[in-house]
Amino acid sequence: MKIALEHLTRSFPGIRAVDDVSLEFTSGRIHALVGENGAGKTTLMRLIYGMLRPDSGKIIVEDRERSFAGSQEAIACRIGMVHQHFMLVDTLSVAENVVLGAEPIKRGGIDREAAREAVRGDSGRIGLEVDPDALVGDLSVGQAQWVEILKVLYRGADFLIFDEPTGVLSPQEARFLFEILRRLRDEGKTIVLITHKLDEVLALADEVHVMRRGGFVGSIGGREADAPTLARMMVGRDVLFRVERPVETLGAPALEVRNLCLPRRRDQHPLSGISFTIRQGEIFGIAGVEGNGQRELAEVITGLRHHTDGEMLLEGEALPPLHPRRARELGVRHVPADRQRTGLVLQMDLKDNLILGEEDSAAVSRWGLFRPAALTSLANERIRSFDVRVSDLEQAVDELSGGNQQKLILARELAHELKVLVAAHPTRGVDVGAIEFVHRELIALRSRGLAQLLFSSELSELLALSDRIGVLYKGRLVTVLNAGETDEEELGLWITGARGEVESA
Amino acid sequence: MIALLFATLRTATPLLLAGLGGMFSERGGVVNLALEGILLTGAFTAATVSYYTGSATAGVLAAILAGALIAGLHALMSLKFRVDQVVSGVAINMLAMGLTEFLMWIFFDSGSNSPRVDGFSSPEALSGILTEVPILTICALLAVPIAAWVLFRTRFGLRLRSVGEHPEAADSLGIRVHLVQLQGVLLSGVLAGAGGAFLSLNAHYFVKNMSAGRGYIALAALIFGKWHPGGVLAATLLFGFTESLQGHLHISWLPVRFVQMLPYVLTMVALVGVIGRSKGPLALGRLFVKD
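Just so you know, these numbers come straight off a predicted model, no measurement behind them. (Residues numbered from 1 in each chain as written. Chains lettered and ligands numbered in written order. Predicted model: local features only at pLDDT ≥ 70, side-chain atom pairs only at ≥ 80, totals over all residues. Heavy atoms only, no water.)

Colleague: Outline the domain arrangement of chain A, supporting the account with residue identities and numerical values.
Modeller: All names here are of chain A. Domain parsing of chain A yields domain 1 (3-235) and domain 2 (253-504). The centre of domain 1, based on its C-alpha atoms, is set 33 Å off from the matching centre of domain 2. Across the contact, 10 residues belong to domain 1 and 13 residues belong to domain 2. Broken down residue by residue, the surface that domain 1 buries against domain 2 is led by N37, P171 and Q172, which jointly contribute 40%. For the pair domain 1 and domain 2, the interface holds one salt bridge. With its nearest N and O atoms 3.3 Å apart, the salt bridge here joins R175 to E489. Linking domain 1 with domain 2 are one residue pair in polar contact (both at pLDDT 80 or more). Taken together, the elements giving at least two residues each to the side of domain 1 that touches domain 2 come down to α6 (171-186) and α8 (227-235). When the residues that make up the side of domain 1 that touches domain 2 are grouped by side-chain class, the tally is three nonpolar, four polar and three charged. (Domains from an automatic or database assignment. Contact = heavy atoms within 4.5 Å. Buried area = accessible area lost by both parts, 1.4 Å probe. Salt bridge = Lys/Arg side-chain N within 4 Å of Asp/Glu carboxyl O. Polar contact = N/O pair within 3.5 Å; in protein donor to acceptor, adjacent residues only side chain to side chain. Helix = DSSP H or I, 4+ residues; strand = E, 2+ residues; numbered from the N terminus. Nonpolar A, V, L, I, M, F, W, Y, C, P; charged D, E, K, R; others polar.)

Shown next as C-alpha cells:
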C-alpha cells in the first residue's frame with residue numbers, strides 16, 4: 001500500500017513538530033524513518049495513523065486523499081501502528097489483546113475460539129510462536145512485541161508503522177524481528193520503521209527518509225546509505241561514532257562489592273552473590289536484559305535499597321547500608337535509569353532541579369531560606385559547563401528534550417567531588433548529538449580517575465565505553481568479560497542465558 | 001442455624017448488589033465511593049415510590065433509576081469535569097444524606113423515618129425456603145454469574161477491563177475510553193440502586209441514613225474479593241454473616257456492642273490482611289486524558 005504526504009504540517013504550542021513534509025512511502029518496501037529525538041518522526045506517523053490531525057497538507061492513501069478523525073478510521077484504511085511503548089493490557093490473554101476493539105462475537109459473547117484461531121493463523125503464517133491463552137503480563141518483552149505485531153495483522157493492516165521496535169529487545173530478538181519484517185514485506189506489505197539506530201537502518205531498509213527538527217531532509221536508497229552520511233543528514237554536522245578511549249592505568253580499588261545479596265520481594269528482583277571490584281579510572285559495564293536485577297544493583301550501591309548480605313567497600317573502607325544522602329556525601333553519585341521519574345522533578349523549574357538534594361547546603365541557602373542570587377549564579381554556572389540548552393532558568397524541566405534533561409542531571413551529579421558514578425542508561429532516549437556528549441563526558445571522568453558503574457541495554461555502547469563488562473542474568477553476575485575481548489554476539493548469548501553456567505572464578 | 005443462614009443472606013444482599021456494582025465501576029478504572037450515597041438514595045426512592053404507588057416493583061425500578069442518576073452525576077463530575085474521583089464520591093454521599101433527609105420532610109413530614117411500606121409479599125404458591133428468601137436476594141445471587149459472564153465473556157466486559165488497566169492501549173485501538181467508563185459507572189448505579197431498594201423494602205421503612213456505611217463495606221468486600229464476582233459474593237456473605245450474628249449470638253459475658261462492632265473490625269482486618277496482595281485495576285482512579 002502506497003502513502004504519499006504532501007506539505008504536511010502540524011504545530012504544538014511553541015514548536016512546529018512537523019514542518020511542510022512531503023514524501024512518499026512506496027508499496028511493498030521497508031522504509032526507515034530516521035532522525036534525532038524530537039525530529040518529528042513519531043508525530044508524523046501519528047498524523048498518518050489518525051491519532052493527530054494535520055494543521056495543513058494532505059495524506060494520500062493509494063491515490064485518494066484521506067483525513068482520519070481517529071485511529072479507528074486509519075485502522076479501517078488498513079494502516080497499523082506498533083507503538084514505542086507497549087499498548088498491551090497485562091491482565092488480558094494474548095488472544096484478548098489481539099482482538100480488543102474488533103472482537104468476534106458469537107451468541108452475545110466474544111467468540112473465544114475464533115480469537116484463538118486468529119492468533120494461531122497469523123502467528124503460524126509469519127513464523128511466531130505465541131500461546132493465545134497466555135497472559136500478556138507473563139510474557140517476555142520479545143513475546144510482547146510479537147503480540148503487538150499480531151494485533152496489527154489481525155486488523156488486516158497493509159501499511160505497518162513500527163515506532164522504535166527494538167528498544168527493549170535483545171540482539172537476537174531484534175534480528176528475529178527483522179526476519180519477520182522482511183517476511184511481511186515479501187507478502188507485499190509496506191513497512192515503516194522509525195528508529196535512530198543506524199545499524200538497523202543499514203541492515204534492513206530499502207529506503208531511508210531523514211527528518212531534522214520537524215522538516216524533511218531527504219531520502220536515500222538503503223544500498224546507497226552509510227552511517228556517516230545518515231548521521232550528517234540527521235544532525236546537520238559530522239558526528240563521531242566512537243569516542244576515543246585512551247589507555248589509562250588503573251588506580252586503587254574504588255568500589256568493592258563482595259557477595260552482595262538482596263531478597264526477593266514484591267517489586268524487587270533478588271540479587272545473589274554479586275562480587276566485583278571497580279578500580280579508579282575504570283568503567284565497569286553491566287549488560288543484561290532489562291529486569292534481571294540492574295535497577296536493584298544500582299539502587300543498592302547508591303543507598304536507595306539496602307542489601308541483606310554481603311558488603312561494599314568504598315576505597316577500602318566498609319560501607320554500612322547508607323541513606324542516599326549519605327552516599328552522595330561520600331562521593332557515590334547516581335544518574336538514574338528513569339530520569340523523568342527518579343532523576344528530576346518534572347513540574348519544578350530548571351534551577352530548582354539543578355540544586356535538588358543540596359537545598360540546605362551553605363552555597364544556596366542560609367537559615368533555611370534560599371539565597372536567590374547565589375542559586376541563580378550556581379545554576380547558570382552548571383548549565384554553562386554542561387551546555388544545557390535552555391531558554392531561561394525558570395523553564396519547566398518537562399519542556400526540555402531528553403538530551404537536555406540528561407545533561408541537567410549530569411550537571412547536578414558531577415558538580416561535586418565524587419569517587420564512584422553509577423550511570424544507568426545514560427543515553428537512553430537521547431539523540432545522537434547528546435549521546436556523543438554523554439560519552440565524551442564519561443570518558444573524561446574516566447581519565448580523571450573516577451570509577452564508574454555503567455548500565456546500558458545498548459551492547460555497542462557498553463563495548464565502546466567499558467573496560468570490563470559483567471553480565472547480570474536472573475540476579476547473578478554470571479560472567480565478567482574484558483570489553484576488548486568480546487563482542488555483541490557473545491554478550492547477546494550471555495544476557496539471554498543461552499550461555500549460562502556461573503563461572504567459577 | 002437455618003435462621004442465621006437466612007439472616008446472613010438478607011444482610012448480605014445490599015452489600016452484594018453494591019459490591020457487584022462497584023466492580024463494574026472500578027474494573028473500568030473509576031473509583032466509586034458514591035456507592036454509599038447510591039444505596040441511601042435507592043433506599044429512599046424505593047420506599048417513597050412504593051408508598052405512593054403501593055407497588056414494590058415500581059419502587060425497585062425507581063430506585064434503579066435514581067441509582068443510575070446519581071452514578072451518572074459521579075461519572076459527569078469525574079470523567080467530564082475531571083474532579084478527583086474520591087472527592088466526587090464523598091461529595092455525592094454528603095449530598096445524598098442531606099437530600100434524602102430534606103425530601104423525607106417534604107414527603108412524610110418526618111426527620112427520622114418513613115411510614116410503613118409493604119415491600120414484597122411472598123407469593124402464595126411459593127412456600128418453604130422461598131418464603132424466607134426475598135425475591136431481591138434471589139436476584140442478587142443470580143446477578144453473580146451474570147456479572148461474571150458480562151465481565152469475562154462479552155465485548156463490553158473485555159473493553160471495560162482494558163480501559164481500567166491500560167486506557168491508552170484501549171484508545172490506540174479506537175475504543176472510546178470515557179464512554180466505556182460511563183457505562184460501567186451507570187451499571188454500578190443500577191446495581192447499587194437495587195441494593196438500596198432492598199434495604200428499605202426489607203425493613204418496611206426508610207430510616208434516616210439507613211445505608212449506615214454499607215457502601216463503604218461493599219467497597220471493602222470488592223477489594224477483599226479481588227474485584228471478582230465470586231470473590232465479592234464470598235466477601236459479602238462473610239460480612240453479612242458477622243452482621244447477622246448480632247441477633248443470634250448471645251454470650252452473657254460479651255457486651256452486645258462488641259458483637260455489633262464485628263463487621264467493622266472484620267472489614268479492617270480483612271483489608272489489612274489482603275490489601276497488599278490484592279491488586280486492583282492498574283489505572284484505577286487515574287483519569288484518562290487524551291493529548
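Alright, that's what it looks like, and here's the rest.
Colleague: Kindly report on the packing of aromatic side chains, identifying the contributing residues and their values.
Modeller: A ring pair, where both rings are aromatic, is described by two values, the distance of the centres and the angle of the planes. Taken as a whole and judged by the stated rule, the model has 13 aromatic pairs over all chains. Look at Y51 of chain B and F108 of chain B: their rings are 5.5 Å apart centre to centre, the planes differ by 85°, and that puts the pair in the edge-to-face class. One end of the pair, Y51 of chain B, is in helix α2 (residues 35-53); the other, F108 of chain B, is in helix α4 (residues 85-108), and 57 residues separate them in sequence. Each member of the aromatic cluster is reached from another via a ring pair, and the members are F44, Y51, Y52, F107, F108 and F206 of chain B. Of note, R366 of chain A hangs over the ring of W367 of chain A, and the distance from its end group to the ring centre comes to 5.9 Å. Here K407 of chain A stacks its cationic end above the ring of F437 of chain A, 4.7 Å away from the centre of that ring. (Phe/Tyr/Trp six-rings, centres within 6.5 Å; stacked < 30°, edge-to-face > 60°. Lys NZ or Arg CZ within 6 Å of the ring centre and 35° of its normal.)

Colleague: Residue-level account of the sheet that holds strand β23 (residues 468-473) of chain A, with values.
Modeller: All names here are of chain A. Judged by pairing direction, the sheet is mixed, and its six strands sit side by side in the order β18-β21-β22-β15-β23-β24 without closing on themselves. Taken across any chain shown, the strands that pair with only one partner, and hence form the sheet edges, are β18 (332-335) and β24 (476-482). For this sheet, the mean inter-axis angle between neighbouring strands, taken without regard to orientation, is 20°. Where strand β15 (residues 283-287) and β23 come together, four bridges link them in parallel fashion. Bridging from a neighbouring strand, I286 pairs with G470 of β23. Of the strands in this sheet, β15, β23 and β24 touch helix α17 (residues 488-495), which is tilted by about 30° from β23. (Pairing = 2+ DSSP bridges. Axes fitted to C-alpha atoms, helices over the stretch in contact; angles between N-to-C directions.)

Colleague: Let's hear about the pairing of strand β12 (residues 215-221) of chain A: which residues, and what values?
Modeller: Taken together, the six bridges between strand β11 (residues 207-212) of chain A and β12 of chain A define a ladder with antiparallel strand orientation. The residue bridging V208 of chain A from the neighbouring strand is I220 of chain A, located in β12 of chain A.

Colleague: Summarise the side chain of T137 of chain B; cite the residues concerned and give the values.
Modeller: Here T137 of chain B lies in helix α6 (residues 135-153). Sequence-distant contacts of T137 of chain B, defined by excluding residues within four places in its chain, comprise L9, T13 and F198 of chain B.

Colleague: So what about the interface of chain A and chain B? Which residues, and what values?
Modeller: Taken together, the 27 residues of chain A in the interface contact 20 residues of chain B. Summed over both sides, the interface of chain A with chain B buries roughly 2,000 Å², with 58% coming from carbon and sulfur. Considering only the surface of chain A that becomes buried against chain B, M87, L100 and E103 of chain A emerge as the three largest contributors, covering 23% of it. Inspection of the chain A/chain B interface yields three salt bridges. Among the salt bridges present, the one from R159 of chain B reaches E103 of chain A, with a minimum N-O distance of 2.8 Å. At the boundary of chain A with chain B, the tally comes to seven residue pairs in polar contact (both at pLDDT 80 or more). For the side of chain A that touches chain B, the elements supplying multiple residues, two or more each, are α2 (71-76), α3 (94-99) and β8 (109-110) of chain A. Looking at the side of chain A that touches chain B residue by residue, the classes come out as 12 nonpolar, seven polar and eight charged.

Colleague: Residue-level account of the pattern of salt bridges, with values.
Modeller: Residue and element names in this part refer to chain A. In total, this model carries 42 salt bridges over all chains according to the counting rule given. For R182, the salt bridge goes to E179, with nearest N and O atoms at 3.6 Å. With R182 and E179 both in helix α6 and three residues apart, this pair spans about one turn of that helix. A salt bridge links R325 to E359, with the nearest nitrogen and oxygen atoms 3.7 Å apart. One end of the pair, R325, is in helix α10 (residues 324-329); the other, E359, is in the loop between α12 (350-354) and β19 (365-366), and 34 residues separate them in sequence. Overall, E359 belongs to the partly exposed group, its relative accessible area being 30%. (Buried < 20%, exposed > 50% of the residue type's maximum accessible area, 1.4 Å probe, protein only.)

Colleague: Describe helix α1 (residues 2-27) of chain B, listing the residues and the values that go with them.
Modeller: Residues and elements named next belong to chain B. When the terminal C-alpha atoms of α1 are compared, their 35 Å separation across 26 residues agrees well with the 38 Å that a helix rising 1.5 Å per residue should span. Helix geometry: α1 is bent most strongly at A12, by close to 40°, with proline P14 lying one to four residues after it. In terms of residue burial, α1 counts as a mostly covered element, since 21 of its 26 residues are buried. (Expected span 1.5 Å × (residues − 1). Bend = angle between axes of the 7 residues up to and from the residue.)

Colleague: Lay out the sheet that holds strand β1 (residues 3-12) of chain A in plain terms, naming residues and giving numbers.
Modeller: Residues and elements named next belong to chain A. Across the sheet, four strands lie side by side as β2-β1-β4-β5; this open sheet has antiparallel pairing. Where the open sheet ends on each side, the last strands, each with one partner, are β2 (15-25) and β5 (64-66). Going from strand to strand, the sheet's axes swing by 30° on average, the running direction of each strand aside. By the bridge criterion, seven bridges tie β1 to β2 in an arrangement that is antiparallel. The partner of A4 across the bridge, within β2, is E24.

Colleague: Tell me about the packing of helix α4 (residues 112-126) of chain A against helix α5 (residues 141-154) of chain A, and name the residues and values.
Modeller: Residue and element names in this part refer to chain A. For the pair α4 and α5, interaxial distance at closest approach is 10 Å and the crossing angle is 105°. Judged by the angle between their axes, α4 and α5 are roughly perpendicular. Where α4 approaches α5, its residues A118, V119, D122, S123 and I126 are matched on the opposing element by I149, L150, L153 and Y154. Among the residues forming the contact of α4 with α5, the class breakdown is seven nonpolar, one polar and one charged. (Parallel < 35°, antiparallel > 145°, perpendicular 65-115°, else oblique.)

Colleague: Tell me about α2 of chain B, residues and numbers included.
Modeller: Residue and element names in this part refer to chain B. Between its first and last C-alpha atoms α2 spans 26 Å; for 19 residues at 1.5 Å apiece the expected length is 27 Å, and the two agree. In terms of burial, α2 is a largely internal element, 15 of the 19 residues being buried. In the segment just after α2, G54 is the residue with positive phi, at about 75°.

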